[in-house]
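# Report on the structure
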Amino acid sequence: MDSYAEPARRLAEDMAAAAAADPARAVAFQGAPGANSHLAARAHFPDGLPLPCFSFEDALDAVQRGAAGHAIIPIENSLHGRVADMHFLLPESGLSIVAERFLRVRHSLIGRAGETIVQAISHPQALGQCRNWLRAHGITPIAHADTAAAAATVAERTEPGVAAIAPSLAAELYGLEVLAEGIEDAEHNTTRFTVLAREAVEPARDQPLMTTFLFEVKNIPAALYKAMGGFATNGVNMTKLESYQRGGSFAATEFYADIEGAPGDPAVDRALEELRFHTKWVRVLGVYAQERPRTVA
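Computed from a prediction, not measured in an experiment: that's the story for all the values here. (Residues numbered from 1 in each chain as written. Predicted model: local features only at pLDDT ≥ 70, side-chain atom pairs only at ≥ 80, totals over all residues. Heavy atoms only, no water.)

Throughout the structure, instances matching the rule amount to 4 aromatic pairs. Ring centres of Phe-213 and Phe-215 lie 6.0 Å apart, and the angle between their planes is 35°; on these two criteria the pair is classed as tilted. For Phe-213, a relative accessible area of 0% translates into the label buried. A network of ring pairs unites the aromatic residues Phe-213, Phe-215, Phe-231 and Phe-255 as a single cluster. Directly above the ring of Phe-277 sits Lys-218, whose terminal nitrogen or CZ lies 5.8 Å from the centroid. Note that Arg-292 overlies the ring of Phe-102, its terminal NZ or CZ placed 4.5 Å from the centroid. (Phe/Tyr/Trp six-rings, centres within 6.5 Å; stacked < 30°, edge-to-face > 60°. Buried < 20%, exposed > 50% of the residue type's maximum accessible area, 1.4 Å probe, protein only. Lys NZ or Arg CZ within 6 Å of the ring centre and 35° of its normal.)

Another aspect to go through is the nonpolar core. Counting 28 residues, the largest nonpolar core has Ala-28, Leu-51, Ala-68, Ile-73, Met-86 and Leu-196 as its most contacted members. Only β1 (26-30), β2 (49-53), α3 (56-64), β3 (70-77), α4 (86-93), β12 (209-217) and β15 (279-289) provide two or more residues apiece to this core. Looking at this core, the element that brings in the most residues is α3, giving 5 residues. With sequence-adjacent residues up to four places away left out, Ala-68 is seen in contact with Pro-23, Ala-26, Ala-28, Leu-51, Ala-62, Val-63 and Arg-198. Formed by 21 residues, the second largest nonpolar core is a distinct cluster that contains Ala-35, Ala-148, Ala-171 and Tyr-174. (Core = buried A, V, L, I, M, F, W, Y, C linked by side-chain atoms within 4.5 Å. Helix = DSSP H or I, 4+ residues; strand = E, 2+ residues; numbered from the N terminus. Contact = heavy atoms within 4.5 Å.)

Moving on, we get to the environment of Ala-20. Among the secondary structure elements, Ala-20 is positioned in helix α1 (residues 6-21). Once the C-alpha coordinates of Ala-20 and Ala-41 are considered, the two residues, 21 residues apart in sequence, prove to be 17 Å apart.

Our focus in this paragraph is the pattern of salt bridges. Taken as a whole and judged by the stated rule, the model has 14 salt bridges. In this structure, Arg-10 engages Glu-6 in a salt bridge whose closest nitrogen and oxygen atoms are separated by 3.6 Å. Of the two residues, Arg-10 and Glu-6 both sit in helix α1, 4 residues apart, roughly one turn of that helix. For Arg-10, a relative accessible area of 46% corresponds to the partly exposed category. Measuring nitrogen to oxygen at the nearest pair gives 2.9 Å for the salt bridge that ties Glu-242 to Lys-240. A network of salt bridges, in which partner residues are shared, links Glu-76, Glu-100, Arg-192, Lys-240, Glu-242, Asp-258 and Arg-294. (Salt bridge = Lys/Arg side-chain N within 4 Å of Asp/Glu carboxyl O.)

Moving on: the side chain of Thr-147. Of note, Thr-147 is situated in helix α7 (residues 147-156). If sequence neighbours within four positions are ignored, Thr-147 has contacts with Ala-35, Asn-36, Ser-122, His-123, Ala-126, Ile-165, Ala-166 and Pro-167.

Before going further, it helps to spend a moment on the packing of α1 against α7. The geometry of α1 relative to α7 is characterised by a closest axis approach of 7 Å and an angle of 125° between their N-to-C directions. What the angle tells us is that α1 and α7 run oblique. Mapping the contact onto sequence places Glu-6, Pro-7 and Ala-8 in α1 and Ala-152, Ala-155 and Glu-156 in α7. Of the residues in the contact of α1 with α7, the class split is 4 nonpolar, no polar and 2 charged. (Axes fitted to C-alpha atoms, helices over the stretch in contact; angles between N-to-C directions. Parallel < 35°, antiparallel > 145°, perpendicular 65-115°, else oblique. Nonpolar A, V, L, I, M, F, W, Y, C, P; charged D, E, K, R; others polar.)

Purely spatial values, then, with no claim about function.
Have a look at this one:
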């Protein structure tokens with residue numbers, strides 16, 4: 001928290017003190033008070049105690065050491081793609097995905113009224129989601145640690161012509177004005193969050209479920225094609241498949257995947273059995289209820 005501007009640091013310290021008094025209700029998120037992750041935490045845990053953390057690692061660590069019962073972490077955005085590093089951080093954390101949350105992201109330009117804005121500071125994800133609007137208004141984007149912390153920085157400094165891109169809540173928290181609302185480049189701008197806990201939770205089976213897992217293919221021709229065959233032949237819908245490299249060798253490709261259904265479903269069990277036959281390893285990160293339906297009738 002020492003890296004936050006003073007207005008954010010004061011709020012974060014107050015929220016951290018409340019969370020420390022009741023850690024089971026604490027919900028760790030990355031960012032300063034007023035960030036989109038703060039909004040997601042409040043939406044998913046109305047009775048929770050939001051715990052701001054400076055980095056994703058800090059938020060995950062809070063759950064690992066029992067300082068928070070849950071963490072809520074962004075995993076992907078409809079405009080700007082996946083959130084960097086999460087494919088590495090989630091498995092390394094040892095935590096389980098127990099839920100998902102979709103948040104419609106609305107960005108505002110926040111600053112002081114009456115100024116001609118020439119620079120906007122914010123998290124790179126937010127800047128990317130507003131790139132066309134910024135270009136059209138001749139405003140230079142400047143990367144910052146996160147959205148709300150950028151607003152706190154603008155509030156702390158008196159440099160003219162500099163604003164932040166952040167949720168409108170940040171303007172309220174830091175005494176700034178909303179200069180423009182809804183500046184994201186598409187109305188569908190939505191971020192998907194995962195909710196993490198130390199222990200897996202068995203979801204009720206009377207609802208559509210998702211399973212998230214990782215795997216590494218064998219280094220042979222057509223390895224991925226063979227590994228995916230079981231999902232097609234068993235009618236299991238795969239909604240996400242992303243590759244990434246680990247260790248810098250460029251020889252071992254790992255994959256992050258989401259499927260509809262869960263282990264225990266006969267079709268899913270058969271598909272995962274075939275996947276394990278064609279891969280070096282498979283690791284399930286979580287089984288949880290769908291917050292938004294994937295299959296369109």
